[in-house]
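If you want the building blocks of each chain, they are given just below.
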Amino acid sequence: MRIEEEQMWSYFEWLIYKLGLVHGAGIAVGLSILGFLLCFIVSTFKYGPGEGFFRVTRVIYELLARDLPGTSLHRIFALSRLAFQEAIRRKVLALMAVFIVVLLFAGWFLDSNSSNIGQLYISFVMTGTSYLVLLLGLFLSCFSLPADITSKTIQTITTKPVRATEIVLGRIFGFGAVGTVLLVAMGILSYFFVVRGVNHSHSFRDWGPGKEGVAGATEVDAYHSHKFTMEEGADGSIQYGVTNDVQSHKHTVTAREVDGETKLEFGAPEGLLQARMPIYGSMAIYDRAGNLARSGLNVGYESEYQTYIEGASLMSAVWTFDVDKSEFPDGKLPIELSLKAFRTFKGDIVTGVQGEIILRNPDGSAESRRNPFIVKEFEVDQIVFDGKMPGSINGEPKEVDIFEDLINDDGKLEIMIRCTDPGQYFGMAVGDVYLRAGERQFGWNLFKGFLGIWMQMVLVICLGVMFSTFLSGPVAMIATLTSLVLGFFGTIAADVALGETPGGGPIEAIIRMPMQTGALVDLDLGNPALETAIEFADAGIMYSLFTVFQALPAFGKFNTAEFVAYGFNIFPDLVGKHLTMTFCYFILTSCVGYFFLKTRELAAA
Amino acid sequence: MNSVVLQRRLTYISAMVVLIVPLYFLGRPSVRNMDGTIKNGRTGGALAQIRTKNSLGQGDLGELEPASESMRLATLGLRGVAATILWQKAEYYKKEQYWDRLSATLNQIAALQPHFIEIWKFQSHNMSYNVSTQFDNYEHRYDWVKRGMDYLVRGAKINKTRTEMPFELGWFFGNKMGVADEKVQYRQLYRDDRDFHEEILAKTGLDVTQKDGRGPDQKPDNWLTGRLWYERCYEMVASGAKQAKSTLMFYQKGPQWRMKHAEAIQAESYAHVPAASEEARAEWRFEAASAAWRFAQREWEEFGMLPILTTYGSTIQMGLMGKANDDFQKAQDDFAEFCGDIYEELQGELVDKLEDVEREALDLPYEERNFEQVLLAENAAYKILLDPDAVAKRLEDDDARMTAMTKAKEMVRLREQIRHIDVYRNQINYAYWAERCLAEQEEEALLARTQMFNADQHLENAELTEAFKAFEEAFTNWDKLFNKRPAMMIDDIADDVIASVQRYKQILDEPELPEDFPLNDFLEFRRVYEDQFADPAMLGVISSWPKKYPGRNFLTEMLRKSEEYEKQFKDTGTKDPGEMAPAFEMIDLETGKPLEKPQEPTAESEEQEEPAVSEETLESPAGEKTSAAEPGEVSVAEEKPAKVEESTEAKSEAPLSVSKPTEGSAPGPKKK
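Keep in mind the model is a prediction, meaning the values are calculated, not measured. Here, residues in each chain are numbered from 1, in the same order as that chain's written sequence. Chain letters and ligand numbers both follow the written order, the letters beginning at A and the numbers at 1. Residue-level local features of this predicted model are given only where pLDDT is at least 70; pairs of side-chain atoms are given and counted only at 80 or more, and the full residue set underlies all totals for whole chains, interfaces and linings.

Draft legend 1. Just the overall build of chain A, in detail. Secondary structure counts use DSSP, requiring at least four H or I residues in a row for a helix and at least two E residues in a row for a strand, with both numbered from the N terminus. In terms of regular secondary structure, chain A is built from 18 helices and 22 strands. Taken over the C-alpha atoms alone, chain A extends approximately 95 × 75 × 55 Å along its principal axes. Using C-beta atoms placed from the backbone, we call a residue buried if 20 or more other C-beta atoms fall within 10 Å of its own, exposed if 12 or fewer do, and partly exposed for counts in between. Counting only residues that meet the buried cut, chain A has 36% of its 605 residues in that class. Once C-beta atoms have been placed from the backbone, residue pairs whose C-beta atoms lie within 7 Å are recorded as contacts. Partitioning the intrachain contacts of chain A with sequence separation of at least 6 by distance along the chain shows that 70% fall at a separation of at least 24.

Draft legend 2. Structural view of the overall build of chain B. Broken down by element type, chain B carries 31 helices and four strands. The buried share among the 672 residues of chain B stands at 42%.

Draft legend 3. Up close: unusual backbone geometry. Residue and element names in this part refer to chain B. Phi is positive for Gln 97, which is not a glycine, with a value near 65°. Looking at the secondary structure, you find Gln 97 in the loop between α5 (79–96) and α6 (99–112). Positive phi is not limited to glycine here, since Asn 429 has a value of about 55°. In this fold, Asn 429 is placed in the loop between α20 (398–427) and α21 (430–441). For Asn 429, a count of 21 C-beta atoms within 10 Å gives the class buried.

Draft legend 4. View of helix α4 (residues 49–70) of chain A. Multiplying one less than the number of residues by 1.5 Å gives the expected span of a helix. The end-to-end C-alpha distance of α4(A), which contains 22 residues, comes to 30 Å, matching closely the 32 Å that a straight helix rising 1.5 Å per residue would cover. At A:Leu63, α4(A) shows its largest bend, some 45°. Given a residue, its bend is the angle between the two axes fitted to the seven residues that end at it and to the seven that start from it.

Draft legend 5. Spatial organisation of the sheet that holds strand β10 (residues 307–310) of chain A. All names here are of chain A. Read across the sheet, three strands follow the order β10-β21-β13 without closing on themselves; strand pairing throughout is antiparallel. The outermost strands of the open sheet, each flanked by one partner alone, are β10 and β13 (340–343). Taking the axes of each pair of neighbouring strands and ignoring which way they run, one obtains an average angle of 30° across the sheet. One requirement defines pairing of two strands: DSSP has to find at least two bridges between them. An axis is simply a line fitted to the C-alpha atoms; with a helix, the fit covers only the stretch in contact. Between two such axes, the angle follows the N-to-C directions and lies from 0 to 180 degrees.

Draft legend 6. Spotlight on the interface of chain B and chain A. Opposite the 18 residues of chain B that make contact, chain A presents 21 residues. Taken together, the elements giving at least two residues each to the side of chain B that touches chain A come down to α4 (66–74), α5 and α6 of chain B. Considering each element in turn, the side of chain B that touches chain A owes the most residues, five residues, to α6(B).

Draft legend 7. Looking closely at the sheet that holds strand β4 (residues 238–243) of chain A. Residue and element names in this part refer to chain A. Taken in spatial order, the six strands make up an open sheet running β1-β2-β3-β4-β5-β6, and their pairing is antiparallel. The open sheet has two edge strands with one neighbour each: β1 (204–210) and β6 (261–266). The sheet shows a mean angle of 30° between the axes of neighbouring strands, direction not considered.

Draft legend 8. Here's a closer look at the packing of helix α14 (residues 278–304) of chain B against helix α22 (residues 443–460) of chain B. Residues and elements named next belong to chain B. Viewed as axis vectors pointing N to C, α14 and α22 meet at an angle of 150°, and their least axial separation amounts to 9 Å. With respect to their mutual orientation, α14 and α22 come out roughly antiparallel. For the pair α14 and α22, the crossing hand works out as right-handed. In this structure, α14 contributes Glu 278, Glu 279, Ala 282, Glu 283, Phe 286, Glu 287 and Ser 290 to the contact, and α22 contributes Leu 446, Arg 449, Thr 450, Phe 453, Asn 454 and Gln 457. Orientation categories follow fixed angle ranges, with anything under 35 degrees roughly parallel, anything over 145 roughly antiparallel, 65 to 115 roughly perpendicular, and all other angles oblique. Should the near helix be turned anticlockwise from the far one by less than a right angle, the crossing is termed left-handed; should it be turned clockwise, right-handed.

Draft legend 9. Examining the environment of B:Ile109 more closely. All names here are of chain B. Relative to the helices and strands, Ile 109 resides in helix α6. Remark: the alpha-carbon pair of Ile 109 and Asp 193, spanning 84 residues in sequence, is separated by 29 Å. Discounting residues that sit within four places of it in the chain, Ile 109 has contacts with Ala 83, Leu 86, Trp 87, Ala 90 and Ile 119.

Draft legend 10. Highlighting the confidence of the model for chain B. Residue and element names in this part refer to chain B. Overall, the predicted model of chain B reaches an average pLDDT of 79, with 80% of residues at or above 70. Considering only residues more than four positions removed or in separate chains, one finds that residues 623–672, a stretch of pLDDT under 50, has 128 contacts. We note a pTM of 0.79 for the whole complex and an ipTM of 0.82 for its interfaces. pLDDT is a residue-level measure of predictor confidence that goes from 0 to 100.

Draft legend 11. Just the pairing of β6(A), in detail. Bridge analysis of strand β5 (residues 252–258) of chain A against β6(A) gives six bridges, and the strand direction is antiparallel. Directly across from A:Val253, in β6(A), lies its bridge partner A:Phe266.

Draft legend 12. Structural detail: the environment of B:Glu512. All names here are of chain B. Inspection of the secondary structure puts Glu 512 in the loop between α24 (492–508) and α25 (520–533). The exposure class of Glu 512 is exposed, given the 8 C-beta atoms found within 10 Å. As a C-alpha pair, Glu 512 and Phe 116 span 396 residues in sequence and 63 Å in three-dimensional space.

Draft legend 13. View of the environment of B:Lys176. Residues and elements named next belong to chain B. Relative to the helices and strands, Lys 176 resides in helix α9 (residues 164–179). Among the residues examined, Lys 176 registers 24 C-beta atoms within 10 Å and is labelled buried. Sequence separation of Lys 176 and Arg 187 is 11 residues, and the distance between their C-alpha atoms is 9.9 Å. Once you skip the residues sitting within four places of it in the chain, Lys 176 turns out to touch Ser 128, Tyr 129 and Val 145.

Draft legend 14. Representation of the packing of helix α11 (residues 442–468) of chain A against helix α12 (residues 473–489) of chain A. All names here are of chain A. Close contact between α11 and α12 brings their axes to 9 Å; oriented N to C, the two are set at 140°. Put simply, α11 runs oblique to α12. As for how α11 packs across α12, the hand of that crossing is right-handed. Contacts between α11 and α12 involve Val 460, Leu 463, Gly 464, Phe 467 and Ser 468 from the first element and Gly 473, Ala 476, Ala 479, Thr 480, Ser 483 and Leu 484 from the second. Basically, the charged four are Asp, Glu, Lys and Arg, the nonpolar ten are Ala, Val, Leu, Ile, Met, Phe, Trp, Tyr, Cys and Pro, and anything else, Gly included, counts as polar. Looking at the contact of α11 with α12, its residues break down into six nonpolar, five polar and no charged.

What follows is the structure, given as structure tokens:
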């Protein structure tokens, strides 16, 4: 799994140090000013500057002085209930039936031979749920208000003592409640589907004493089989054993005496549904001369996610972690690696590429011995260090205590990784090495994953309701859909605007197409002034679009399904960040929705 | 109800009823039995019958996959677009190394377009050859090789009449598992992968543990499994399916995989097979390899008898080059006789234009020519070829001219036939492989290989005296083999021998090899060969040597006395072979005495062509008696090569009498 750096930030780090708060406030202020100016211009055209200014400020005044303080929770609840009932009348529960049918036939489409069936099942249910719920939010939110306006039902409501804030919030809460009920139901079904789907056991095929003790193999069940070894007790009897890792899981084996015969029982799969608690650090790369470098080497892969260090050289990667001893109560330090090996020659085919791990105090006062390891690719390799191990303190060979000697006063620990095979390379990214601080409940993690979907749904509903306050149903739907698509794929525009995607902006693209000029070739029109003008115009368009995209919620970032699928606990800070952002967008869209509804009401009056 | 409305409704209903009748007769579906055959008489409507006739129904194409069918329906006719998007996603996943997602996406693509054969071929190759190599752990690599194969198996089930997938499976099992850098590991993993064997059986009905699929250790062998897939393709074609490749490329694979199997036995240690000693295991292994070569020889000969429709429009059998030459010779003699003096006169004119040495070489019987004369005679034979049409036209009598022209036409046809056979043989090195199969069964080959292995073992154990002795014995046998089967000198075997000679030199601790070193001639030949001495004509002679000159030693009797060869030595600055060898004389291999007259291919010499493996049973290295005829239980007596064809071929295997030597009657170095 790939962890983005910003996902590792703590809540306050994001809010304060990474300027999340400032950024949010900036958007709010910017949009407020922009909104005010636009409304003022429109009103000026309609009523003249004085009257226009008065009308705009009056709406703001009414929001702040009357509608907001006068908003009644009771009325919001009543309107929400109305929206809820309306949604039920529109047979949204049919969506549950669709979901159940999808689950029933999912087995046909899912690759049962997958190397990690848990990942596949979790990704499937979460993606499926996400699509269904987002579509539900889209259709419910976009058509409700316009339908009421068209059928004049809205007039019945507005003649009652109901405020515009209450209408907007009532719609958002009502539809949100419908979506939440469905999402909870889908979440529960998904949980059982996943747990039941991955659960399997094995029967043994043959077993007996071998070169490495009592060992055997299982029959093929669930498209795979395991080998296992049994441990002999002090009395020579066989009691427990464990299978090897196949398709990312293993089983415990228990021997039981039944009618004088030893029978083996295989436990549930372990390792498929987990919620690891990783502690991430920062990574620094040192070059062949041992000096700090900006990055490692590129071995020729298109993907630049991982950077590479050369074997048998001074190149190394050093991670710095903040270690809290209380997170490792058993006194051991488990670390997990997902490194990549790259060979420039085949070498020893049977043995993997080898490396070494050194734990050291950032002050340089102490370090552990070199711990050799063999890289395991495309799987999580866990290495557990005992609290004490041979090493050196101030250059003297001594036993070192990880938590006492290798962690400095700031609570930091450095882990250095080197490749020791000459001519071979290790590939790594910052998230590829982490300390494993225990485990959380899978069910709770799945809940947090669904919370991410819920936030996406709320955002869609907010946008839908907002657009439906001033657009007709179909147009509001297209507008919401566009926001959704741009929210998911807005990075393309950002890449174009920032020059990371070659070929220029829209004007340049229109010129290039008939000229059949490749994106990587400089635009040559024979007129430098014209070319510069096009570049400037494009830059203007792209930065405007970029700014708009920045204001739209980045839906993709709310999706934490990967965390659940790959067995990583979703950081509470990340959930907090997403909830904050959702709340901000909720406020923003509610305000915009209120203003439009209010304006519309005024126009109608 | 309004009468107009009622009238309209009745009209519509009537029209619908009327239309239902032809629709019923056109579109009525057929009813099938469980095995897919049409139930008695229930062939369905006209459309169903056309579908059945042309095997266009989904059921005719292969197994139906509910997932595939529902996905195709769900895309509402946009499956092409969906497949394209998925293809792009697959590329992205590959680039970013999300392997599981890649695998899942490939399954979706295949489900959308299950009858698009290229998808199965391309993406299975992607998994087995490209993705597998991205893993550092060879067991993971093996797993991805299997995934590619599994993909093909799925494709084969959905497209049961297409031979492409089984053919690719044959290739993957053989080539990927048997040629990759990890071949030793892959082969071993496959042998012990009982689950995979059972999975193949369950999914495809192919029992890879059958006797034709087992190696000498009685476990499934990847090359033989590949061959079983090819056999399945051949069965499918026999039942009416289309060939995945041209006849030549399609049918050569089965026997070729037999040869690869034999090579693999020779190359691997088979350490997992219990044996009394390393020597015993080596002996068992090389005997098993020899038996495998015999099977390969039989199948190669069968392949040679396969009628192949060429792109020239003629039908040829590659194994009948001798017969084609004989037929041409007969037609030529007949034509010469018919044309009488005119033919002689024209022929004489061409012969007069030859150089003296060429004439002299041509006049000598085959068996009396030295190597240089062999080359000269072949070149001369080409130069004196007459255009039969021109000869016929010179006849004065109208009737005679017409008859001669008919005969000339036949001659041209036969000459073309020989050329076509030659072209096709050269494409796949037919002659070389035929020769190799025979050579590997020679007693000398068996002894040479066993002793070379033993020598290496002794060397590893620092037993120098024993190593020295084993090397010498091995080299003596190599020398005998190279003389008997000179084509082996231009093969990988020769490289192995040269490497052994280097090791031997290290034991000797001398800068030069002794003058009586058995492989001196061979080493000289290799030096010259590597200096591009070997032109195709010479290679042709080398490959056909044993058949054209049975009993005559290539190196010690012929090549060394060639003036041209001596000249080459001088040009390349190597030692004059004349100094190393006595004056030319032909030696009887059996007695070692000089021959008075050239040997004719006798019954005895034919006997020598028989496989080296005796009818006696082989002992396994652990001392158990097993059938010599690995892996099956067919007796050796049944497996003798077709002697009649061998003897027919003995005189006239190569098409030298009619085709220009440089046009490639030569098999050339080994093609992989």
